[in-house]
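Geometric and topological summary
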Amino acid sequence: VLLATRSMEENARQVGSELSNIRDRAVQAEEEIVKLQGELDKASVQARLDPLTGALNRRGLDEAFAREVARARGKGTPLCLAMLDIDNFKALNDTHGHKVGDTALTHLVNVARTSMRPQDTMARYGGEEFVILLPDTVIEHGVEAMQRLQRELTKRFFLQNNERLMITFSAGVALLDASETPDEAVKRADHAMYLAKRAGKNRVFAAS
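The rules behind the values
Residues numbered from 1 in each chain as written. Predicted model: local features only at pLDDT ≥ 70, side-chain atom pairs only at ≥ 80, totals over all residues. Heavy atoms only, no water. Patch = residues over 30% accessible without salt bridge, like charges linked within 9 Å, V, L, I, M, F, W, Y side chains within 5 Å. Areas by Shrake-Rupley, 256 points an atom, 1.4 Å probe, with all protein chains shown as cover. Salt bridge = Lys/Arg side-chain N within 4 Å of Asp/Glu carboxyl O. Helix = DSSP H or I, 4+ residues; strand = E, 2+ residues; numbered from the N terminus. 1 Å grid on protein atoms, 1.4 Å probe; cavity = no way out; pocket = protein on both sides within 12 Å on 5 of 7 lines; lining within 4 Å. Points joined across faces, edges and corners; volume = space filled by probe spheres on them. Nonpolar A, V, L, I, M, F, W, Y, C, P; charged D, E, K, R; others polar. Buried < 20%, exposed > 50% of the residue type's maximum accessible area, 1.4 Å probe, protein only. Pairing = 2+ DSSP bridges. Right-handed = clockwise from strand over helix to strand, strands pointing away.

1. What to know about a nonpolar patch on the surface
A grouping of Val15, Leu19 and Ile22 is seen on the molecular surface, where their side chains present a nonpolar patch of about 250 Å² in accessible area. Relative to the helices and strands, Leu19 resides in helix α1 (residues 2-46).

As structure tokens, this is what we get:
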């Protein structure tokens with residue numbers, strides 16, 4: 001009986017030790033899963049960002065636009081978008097170099113972030129062009145928001161070899177129509193921006 005009891009106790013200790021090891025491995029596996037999920041989430045976010053400016057890229061813009069359009073149409077609220085293009089960007093690159101051009105793009109995004117509302121979304125559309133989504137915004141207020149951003153840029157310079165460089169942009173603002181696609185609204189904003197360029201630059205036009 002004593003031998004049997006000792007054998008049972010030894011088996012119980014071994015089983016307890018094995019269970020403890022299994023629990024430890026399970027905890028480690030769970031921690032690894034959480035870590036991997038965090039890395040996956042981070043990679044997913046990074047895939048939607050422009051690596052230079054930190055604004056959304058085209059993929060991120062498409063997703064944000066689809067989300068905001070669904071929200072605006074579901075609630076019956078207005079949604080504006082602004083198309084921005086930095087003025088004289090080629091001349092800036094030719095005169096000061098592409099590194100300064102990159103700094104100008106980043107500068108615009110940083111200033112815009114201080115002027116935008118939390119619900120607004122900024123994306124780099126391509127080259128020196130940017131799109132800003134303005135939910136719950138009518139066309140007049142969308143134009144005013146871009147004009148405020150222009151004023152902020154006139155107050156905030158960045159230095160290049162002790163030379164103060166001022167960045168300006170031209171913009172077109174479109175109010176999403178109930179019957180049009182996001183691409184159609186972008187084209188209207190782009191056309192208004194082109195007209196702002198032709199009118200003398202550093203201007204904001206509302207799309208018709």
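2. Some points on the layout of surface pockets
In this structure, the largest pocket encloses a volume near 160 Å³. Taken together, Ser115, Met116, Arg117, Asp120, Ile132, Leu134, Thr137, His141, Ala145, Met146, Arg148 and Leu149 make up the lining of the largest pocket. Put simply, the parts of the chain that give the lining of the largest pocket at least two residues each are β3 (129-135) and α5 (139-155). Of the residues forming the lining of the largest pocket, the biggest block, five residues, is contributed by α5. Considered class by class, the residues forming the lining of the largest pocket number six nonpolar, three polar and three charged.

3. Describing the pairing of strand β6 (residues 169-175)
Of all the seven residues making up β6, six are buried; the element is thus mostly covered by neighbouring parts of the structure. As paired strands, strand β1 (residues 79-86) and β6 are joined by seven bridges and run antiparallel to one another. Bridging across to β6, Asp85 finds its partner in Ser170. The sheet contact formed by β6 and strand β7 (residues 204-206) spans three bridges and is parallel. Bridge pairing links Val173 to Ala206 in β7. For the segment spanning β6, helix α6 (residues 182-198) and β7, crossover handedness is left-handed.

4. A word on unusual backbone geometry
Here Asp136, not a glycine, exhibits a phi torsion of approximately 55 degrees, which is positive. Even without a glycine there, the phi angle at Asn202 is positive, about 55 degrees. Looking at the secondary structure, you find Asn202 in the loop between α6 and β7.

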